[in-house]
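# Summary of structural features
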Amino acid sequence: MGITGASHGGPDPGAMYKNIMEKTINLEISKKLEKKLGEQGAIVYMTRYDDYDLSVKNTNNRKRSDLSRRVNIINESKCDMYISIHLNADPSSTWQGIQVFYDDVNPENEKLAKVMQEVLGKNMNSKRKYKELTTIYLHRRVKQLGILIEAGFLSNPNDRYLLRQNTYQQKIVNSIYEGILKYWHLI
Ligand SMILES: [Zn+2]
């Protein structure tokens, strides 16, 4: 059915607050999402299962190599949907909440982003709006239906606390599952 992507990994921690790294929480959420979708009968692929990146050896652009391999994995998988899990960070600590981004490279992406933001906003108490972003390397190049979810802000004390809780991560995952069902009119 789909791919869940824990973004960053290995030498690329993503956003950070002291010793709390985005890559770690992305993977924890992605593993929970893999389990949830698998239990419901979906075939789920992960772009990574542990703390590593996907770059090829001896590349002079490790980040680009990592991303281009992710693009190939998703495009070649023929998956019905992919979900890219990230955490946000901002110089100001006031920004908070879960938010969905999409690239219009696939015309269906906006519809999925809209439905997903509605469900996540309601369940996770986020006032953020879904947003188009056409400058993200991976999302520009993937043909399949998919979105990027920024699950919260590591720079915000409340989000930072919640994002590290298993129960909160599970609530995000259950809500993503609900969003997927809603998008496909299964509930
Ligand atoms: Zn990220």
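Definitions and limits used
Residues numbered from 1 in each chain as written. Predicted model: local features only at pLDDT ≥ 70, side-chain atom pairs only at ≥ 80, totals over all residues. Heavy atoms only, no water. Buried < 20%, exposed > 50% of the residue type's maximum accessible area, 1.4 Å probe, protein only. Helix = DSSP H or I, 4+ residues; strand = E, 2+ residues; numbered from the N terminus. Pairing = 2+ DSSP bridges. Polar contact = N/O pair within 3.5 Å; in protein donor to acceptor, adjacent residues only side chain to side chain. Contact = heavy atoms within 4.5 Å. Salt bridge = Lys/Arg side-chain N within 4 Å of Asp/Glu carboxyl O. Donors = N, O, S within 2.8 Å, 3.2 Å for Na, K, Ca; no water. Axes fitted to C-alpha atoms, helices over the stretch in contact; angles between N-to-C directions. Parallel < 35°, antiparallel > 145°, perpendicular 65-115°, else oblique. Left-handed = near helix turned anticlockwise from the far one by under 90°. Nonpolar A, V, L, I, M, F, W, Y, C, P; charged D, E, K, R; others polar.

### Some points on the pairing of strand β5 (residues 81-88)
- Of all 8 residues in β5, 8 are buried, a share of seventy percent or more.
- Burial of β5 is two-sided: the residues M81, I83, I85 and L87 facing one way and the residues Y82, S84, H86 and N88 facing the other way are all buried.
- Here 5 bridges tie strand β1 (residues 2-6) to β5, and the two strands are oriented parallel to one another. If you follow I3 over to β5, its bridge partner there is Y82.

### Overview of the side chain of T47
- Mapped onto the fold, T47 is located in the loop between β4 (44-46) and α2 (62-77).
- With a relative accessible area of 7%, T47 lands in the buried category.
- A distance of 3.4 Å separates polar atoms of two side chains, one belonging to T47 and the other to R70.
- Filtering out sequence-adjacent residues up to four positions away, T47 remains in contact with I3, T4, G5, A6, L54 and R70.

### Brief notes about the pattern of salt bridges
- With the rule as written, the count across this model stands at 11 salt bridges.
- Where D104 meets R140, a salt bridge forms, and the shortest distance between an N and an O atom there is 3.0 Å. With D104 in the loop between β6 (99-102) and α3 (109-123) and R140 in helix α4 (residues 137-141), this pair connects stretches of sequence that are 36 residues apart.
- When its relative accessible area of 42% is taken as the criterion, D104 is described as partly exposed.
- The partner of K111 in a salt bridge is E108, and the shortest N-O contact between them spans 3.2 Å.
- Residue classification places E108 among the partly exposed positions, given a relative accessible area of 29%.
- What emerges from the salt-bridge pattern is a single network uniting D103, D104 and R140.

### Concerning the coordination of the zinc ion
- Donor atoms from the polypeptide that bind the zinc ion are H8 (NE2), E22 (OE) and H86 (ND1), placed at 2.0 to 2.1 Å.
- Read N to C, the donor residues that coordinate the zinc ion are spaced as H-x13-E-x63-H. Of the two residues, H8 sits in the loop between β1 and β2 (16-17) while H86 sits in strand β5, which places them 78 residues apart along the sequence. For the pair formed by H8 and H86, the shared burial category is buried.

### Describing the packing of helix α1 (residues 22-39) against helix α6 (residues 166-183)
- Two elements in contact, α1 and α6, have axes whose closest approach is 9 Å; the angle formed by their N-to-C orientations is 50°. The orientation of α1 relative to α6 falls into the category oblique. α1 and α6 meet at a crossing whose hand is right-handed. Contact with α1, carried on its side by I25, E28, I29, K32, L33, K36 and L37, involves N166, Q169, Q170, I172, V173, N174, I176, Y177 and I180 of α6 and no other residues of that element.
- Here the contact of α1 with α6 is composed, by residue class, of 9 nonpolar, 4 polar and 3 charged.

### Section: the environment of E108
- Of note, E108 is situated in the loop between β6 and α3.
- If we skip the residues at most four places from it in the chain, E108 touches L145 and Y183.
- Within the structure, the side chain of E108 is placed 2.3 Å from the side chain of Y183, a separation counted as a polar contact.

Spatial relationships are all this shows, so hold off on functional conclusions.
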